[in-house]
Amino acid sequence: MGHDGAPKIPGQGPRTVVWLGELTTYWRLRLRSLAMAGPPLLWLTLLLAVPCLLLGCLAFASRGQYGEIVFQATAVNLKRLIGYTTFGWSPAFLYIMARSLWVALVTTVLCVALAYPLTFHIATRPPKKRVYWLILLIIPFWTNVVIRAYAWLLILGPQMPPAKIAAVLGLIGDGASLYPGPLAVYLGMVSTFLPFMALPLYASVERINWEILEAAKDLYGSRYMIFMQAVLPQTKPGLYVGIIVTFVPSMAMFVVTDILGGAKTMLIGNLIQQQFAQARDWPFGAALSAALMLLTLMSLAVFRWRRRDGNGGGSSIFGGFD
Amino acid sequence: MKQKRPLVALIAVFGMVLMYAPSVAVAVFSVNDAIYGLAWRGFTLKWYKFLFQNEYIINAAINTLILATVSTIASTILGTALAIGLYRAPWSPGLHRLFDLVINLPVVVPDIIMAVALALAFNALRMVCSIFDIGMVTLIVSHVTFQISFVTLVVKSRLESLGHDTDEAARDLYASTFFHFRRVTLPLIRPGIIAGGMLAFTLSLDDFIISFFNHGPESVTLPIYVYAAVKRGITPEIHALSTVMLVLTAIPIIIAERLTRKF
Amino acid sequence: MTDQINVALLCSGISKTFGNHRALIDVDLSVRKGEVLTILGPSGCGKTTLLRIIAGLELADAGQVFLNDEDITRYPASRRPINTVFQSYALFPHLDVFSNVAFGLQAKKTAKSKITQKVGDILSLVRMDGLEKRFPHQLSGGQKQRVALARALVNEPKLLLLDEPMSALDAHLRTKVQDELRALQKELGTTFVLVTHDQNEAKRLSNHLAVMNEGQIIQFGTTEKVFTKPDNKFVAEFLGATNLFEASRDGALYRTRYGPMDVTDKPVWDEGKILIWPERIEIHEKAKTGEPNWFSCYVRDRVFNGDGLDLLLVKDAGNDSLEKPILVKARNSFDIQSGQEVGVYFPPDYLVPLENRAQN
């Protein structure tokens, strides 16, 4: 058994490896990978990644007289974003941005406030009944947002009890409806996003160690402390997922505010849609989209940062949910 | 710990009411014998009759189903290929992160931005090939685009939960690459493929904003039809239509729950 | 040179490095047909890597692997007539027992009728007949192992590799399963190569033993030889020999802390370590004073180990003594109490000097 000059493996290039039991080379594996994953990846790149980049570039173009795109680099849209229109500075657009953030924030807070009792209630039901509650929770999740939005038009109509009560209380005029307006919008938003918040939160609440709550009750007594010390830490994962899938889409919401809101409750989404429909100002629409994307990324970054002290952030928003 | 806390129960029920009030209202008004106004005039099923006679609605329904079916089939195949191809190959971590970024775009980017970007893409592609005129093709293509990501993510998570042991065992047992793929890999990820496909299907049925930006006058889907009706003036047929859509959404969920309970 | 015609497996100069870690350093190994070789070593010593290289699941950086004189170094795993029983059994969860076992035959496109017959035969052999329709998640650990064995053996491989075969089994099952495995191997005559860190397993199953540490084979030989005459301290301690003591030559005898000793197998060195197995030490009422190999000791501890007494002996009876006790496995039903003084005899035939080879 000579091992003085034991030959290297003969006849095989230095790049040969065994990958998951198969004798091959990295290049052959990569080629095979590209054959399978290439077309879909190309599809996504050409139809999504590149257009998003183009959208960013489009923000620097401008609208011509007849609605066409003038491909000359200009910062006119950027200026408009900050508020400088041809009529001087007006804070209108900044208001819209702020309102989008505000509406998203309020919606999220309301959803959290409602979701905790809801999920707690479900989690404390006997197991057999819990299933029914969960089905009830999932069905609205899949109901179309257009339907849920316009249905509030029915409920808040002038001849229905809510509007009549408000008229009697003098909050609105006689025979008026409760829409368009902030109340209608928030009702629409919360009813749309509550399942988005409740389902991930439930996944965490279901796993709560109730003994810790008992211990907190002994130690602290006040409901607030019990919540902060025992409930919140244990439900953080689900809470974060719920917040992300509520806050981010709320910012970009178009349908609910379009149907239930008016000019006074316009959000970025509505403004963007306007540019691509009536105003025919694609460059400005692109600029608005870029601004929205920036807001989205910033929100995600904030949430990622806050989540890091909980558990290592997963890359998929669906972590453990599907 | 199972105390009966009335406040919690109350808020919980309120939350449920809030989520179901729209659906209930629509269902109630779909059987209300009144064309205008919201006063109760009597029970009737005539709106449902009109519904099934309305050509435009039937058309929209057919479009919606064709759209969902075709796009699901395409995106499931593409998404599965993407997941298997990408996550079973020795790419560097930097490249992996790039791929992950592209795949996660539809998850992170708000759907209105995606809708706009797709519209832009079709505009550009139209100059090259007229198949990209607004219509069913653009609708299907736009749906497939965001569906691929979801299918890929679901199949990927299934792939990652499989160990490498079975692959090595298969090779040790004389399996060729094709035999191994057909008899080991594919069967083991089948649950993921099915789950991904179902997710893609429901996402397509449910979509509004992306369809809204990328449809043509001949390719209206049900959500678009309802929206247009809301803008135009709501007729009770719309309530009937919405109720039907609600029920059709609820049924698969209940069936799925029944099925999973058996295991 | 070994009998070439009978050599089933020959590894020559195998080296493998993972990043910074040299897993295998120039390893040579040979296994004869019909033999059972156990590669014994602590975790991280490279034994599993070596096994995987033989199976074709890893590629060596250097060296060659010969199977029945055929150079299979560059063959993919799917081409090697070698099958593996994995530590986790790696059963296909989506296939029932029959399909699992039939997998290799189907991959080789064997005729259906032959498959049915062969699978039936092997399942009877491992006593899993009647359970063909079960799925892996419905099987116990022991049953899974038998399916894994059947799945490998049905292909009539020239070599069967087993990676820590007993590690996933309950302790009380192990002896029984080891004996069954031994019987199976004898009946089939297949060459087995096992990898384990459990020296009891090595003792019961194999007729040849290779002890590995840090990527190299430290000692190789028949099981009996390696166990009775370990080469060095590492092997000795790994095999469970705790009675090691220093000795230095003093004329014809050797000076040790237990007194002068006569050693039958004369060491080549003047100073070194000597080992004696716990089972070979004789306990008597009184030591024969003045005679070499005899001395007195106190019993520090006695434990009933199921077979007899485990005694821990120390020369110095003091409570705070740091002396390493002698372990004796005494089979006689002696009424020995703790604290008692006994006479100890180290038979010269059973004193094993370590590192007893001329340096080459």
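Before reading further, recall that the structure is shown in the block above.
Predicted model only: the values in this text are computed from it and were never measured.

### Describing the pairing of strand β7 (residues 159-163) of chain C
Residue and element names in this part refer to chain C.
Consideration 1: In terms of burial, β7 is a largely internal element, 5 of the 5 residues being buried.
Consideration 2: Pairing between strand β6 (residues 82-85) and β7: 4 bridges, direction parallel. Bridge pairing links I82 to L159 in β7.
Consideration 3: Two elements, β7 and strand β8 (residues 191-196), share 5 bridges in a ladder whose sense is parallel. Paired with L162 across the bridge in β8 is L194.
Consideration 4: Handedness of the β7-helix α5 (residues 171-188)-β8 crossover: right-handed.

### Focus: the nonpolar core
Consideration 1: In this structure, Y150 and I259 of chain A are the most contacted members of the largest nonpolar core, which totals 219 residues.
Consideration 2: It is helix α3 (residues 92-123) of chain A that provides the largest number of residues to this core, a total of 15 residues.
Consideration 3: In contact with Y150 of chain A, not counting residues within four places along its chain, are I259 of chain A together with V26, V226, V230, I234, I238, H239 and S242 of chain B.
Consideration 4: Counting 33 residues, the second largest nonpolar core, distinct from the first, contains L123, V126, M166 and F192 of chain C.

### Examining the environment of C57 of chain A
All names here are of chain A.
Consideration 1: Positionally, C57 belongs in helix α1 (residues 26-58).
Consideration 2: Using a relative accessible area of 51% as the deciding quantity, one classes C57 as exposed.
Consideration 3: Between the alpha carbons of C57 and F71 there is a distance of 9.8 Å; along the sequence they are 14 residues apart.

### Quick notes on the sheet that holds strand β20 (residues 352-353) of chain C
Residues and elements named next belong to chain C.
Consideration 1: Pairing within the open sheet is antiparallel, and its 5 strands lie in the order β13-β12-β11-β14-β20. Sheet topology places β13 (259-261) and β20 at the edges, where each strand pairs with a single neighbour.
Consideration 2: The sheet contact formed by strand β12 (residues 253-256) and β13 spans 3 bridges and is antiparallel. Paired with Y254 across the bridge in β13 is M261.

Each value, and the rule that gives it
- Residues numbered from 1 in each chain as written.
- Chains lettered and ligands numbered in written order.
- Predicted model: local features only at pLDDT ≥ 70, side-chain atom pairs only at ≥ 80, totals over all residues.
- Heavy atoms only, no water.
- Buried < 20%, exposed > 50% of the residue type's maximum accessible area, 1.4 Å probe, protein only.
- Helix = DSSP H or I, 4+ residues; strand = E, 2+ residues; numbered from the N terminus.
- Pairing = 2+ DSSP bridges.
- Right-handed = clockwise from strand over helix to strand, strands pointing away.
- Core = buried A, V, L, I, M, F, W, Y, C linked by side-chain atoms within 4.5 Å.
- Contact = heavy atoms within 4.5 Å.

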